[in-house]
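Given next are the chains, with one letter for each unit.
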Amino acid sequence: MRYFDNNATTKMESDLAERFAKLCVEEYANPNSMHSFGLREARYLEEARRKIARSLSSDPREIYFTSCATESINWILRSSVLFKGRKKRIVTTSIEHKAVLNTLKDLKASSDIDYTTVGPERNGIVKVAKLLDEVDEETFLVSLMAVNNVTGAIQPYEEIGEELRKRNVLFHLDAVQTIGKIPIDFVSCFCDYASFSAHKFHGPKGVGVTYIRQGAPIRPLITGGGQERGMRSGTQNVPGTAIAATALQRAVECTQESSSRLREYQHRIKETVEELDGVVNTPENSISNTVNASFAGIRSEVLVNALSEEGVFVGTSSACSSRGDGGQYVLDSMGLDSSLASGSIRISMSRFTTEEDVAFLIEKLKKTVPLLKF
Ligand code: PLP
């Protein structure tokens, strides 16, 4: 089996999976209990928080645990409405993950806010000036993804963040596709909030992290027992957070080595797509693990199934949406012809992808694509 769907989710390393199981069996007390067993769990939790903060050059008091990035995103967007004062508008892009777009849609229907979506250029990257043009006196928050999950395009989040800080507009960064792919530093990108999920960087599923800059306004989304300093109630997942912290540390430490190796693989895959008369939808300025490609006349599900029968697993676009609609809207927003947009596949690697995996993928692409064309 060759797995090329790492933007959807990643595997855990065996030693971390074993340690996770051991922690579940041995370190199961509630970290909020007063007895010494509970206090030991609280220490695990705080150590995880410190480790994550260190890996991201932030302060442990800025790190909050949630269940996934979708929850973190909901928290930030929904909480921001409570601080907006008389302002009314959130600015975002049309290529955000549905966790952002559908939450904004819901907020618009249920409160007095409105939002504007800025489209990307043909290469999938949003222009700084175009987005900033939409930020006016009515705007209280901008929500932007650092890296698009469908195409791998890196967005100009640092320049946008810097300008938003000058204009006193709050900035949420969806950092889900950054960890282990590009160096990320929440201070130099001037964000007030950031969201990410452990399962995207070889950590366990069910662990999300929210970064909240000290001093940035925030209210809890989930109320109850007052865990996470009153900001996110519910008993914390101690084994999950402990393993997520180690996975994050490893991912950050390996970023440089793995991204340059994957860049080489990315070139080979792009060349193959072009040799097969396909179109590469991933721009030059992208993370190195992703190639989004379309082949005229071939529907993506047909190609995904054919490759799957050959033992190669690629994505259509975003497995985080319902199975059907994927991330076609991202390619549509880029102005890609609809027959190409509906026929796109997303090949996404991880730092564990080998040269043999890539050679196998290329061989199977060369076998299946010509067959499906006729
Ligand atoms: N944001 C981006 C850019 C994503 O790629 C994803 C998932 O693919 C999410 C948000 C949602 O993450 P999760 O499903 O872990 O909540």
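Going by the structure above, here's the rest.
Residues numbered from 1 in each chain as written. Predicted model: local features only at pLDDT ≥ 70, side-chain atom pairs only at ≥ 80, totals over all residues. Heavy atoms only, no water.

Chemist: Lay out the packing of aromatic side chains with the relevant residues and their values.
Modeler: On inspection of all chains with the given rule, the structure shows five aromatic pairs. A centroid spacing of 5.1 Å and a plane angle of 80 degrees characterise the contact between Y28 and F37, whose relative ring orientation is edge-to-face. Of the residues examined, Y28 reaches a relative accessible area of 58% and is grouped as exposed. Residue classification places F37 among the partly exposed residues on the basis of a relative accessible area of 23%. Just above the ring of Y329 sits the side chain of K98; from NZ or CZ to the centre is 4.4 Å. (Phe/Tyr/Trp six-rings, centres within 6.5 Å; stacked < 30°, edge-to-face > 60°. Buried < 20%, exposed > 50% of the residue type's maximum accessible area, 1.4 Å probe, protein only. Lys NZ or Arg CZ within 6 Å of the ring centre and 35° of its normal.)

Chemist: Any details on the side chain of N74? Residues and values, ideally.
Modeler: Along the polypeptide, N74 turns up in helix α3 (residues 69-80). Leave out the neighbours within four places in its chain, and N74 touches S79, A99, T103 and L221. (Helix = DSSP H or I, 4+ residues; strand = E, 2+ residues; numbered from the N terminus. Contact = heavy atoms within 4.5 Å.)

Chemist: Got a sec to walk through unusual backbone geometry? Specific residues and values, please.
Modeler: Even without being a glycine, H202 presents a positive backbone phi close to 70 degrees. Residue placement: H202 occurs in the loop between β7 (193-197) and β8 (208-212). At D277, a position not held by glycine, the phi torsion is positive, near 65 degrees. Along the chain, D277 falls in the loop between α7 (238-275) and β9 (279-280).

Chemist: Tell me about the pattern of salt bridges, residues and numbers included.
Modeler: Applying the stated criterion to the full structure yields 33 salt bridges. In this structure, E26 engages K22 in a salt bridge whose closest nitrogen and oxygen atoms are separated by 3.2 Å. Placement of the pair is E26 and K22 together in helix α1 (residues 14-26), with a separation of four residues, close to one helical turn. Owing to a relative accessible area of 40%, E26 belongs among the partly exposed residues under this scheme. Under the relative-accessibility criterion, K22 is labelled partly exposed at 47%. (Salt bridge = Lys/Arg side-chain N within 4 Å of Asp/Glu carboxyl O.)

Chemist: Can you break down the sheet that holds strand β10 (residues 290-294) residue by residue, with the values?
Modeler: Backbone hydrogen bonds hold the strands of a sheet together, and the pairing may be parallel or antiparallel. Taken together, three strands build an open sheet; the order of strands is β9-β10-β12 and the sheet is antiparallel. Of all the strands in the sheet, just β9 and β12 (344-348) have a single pairing partner and so form its edges. Contacts from α7 reach β9, β10 and β12, with the element oriented near 5 degrees to β10. (Pairing = 2+ DSSP bridges. Axes fitted to C-alpha atoms, helices over the stretch in contact; angles between N-to-C directions.)

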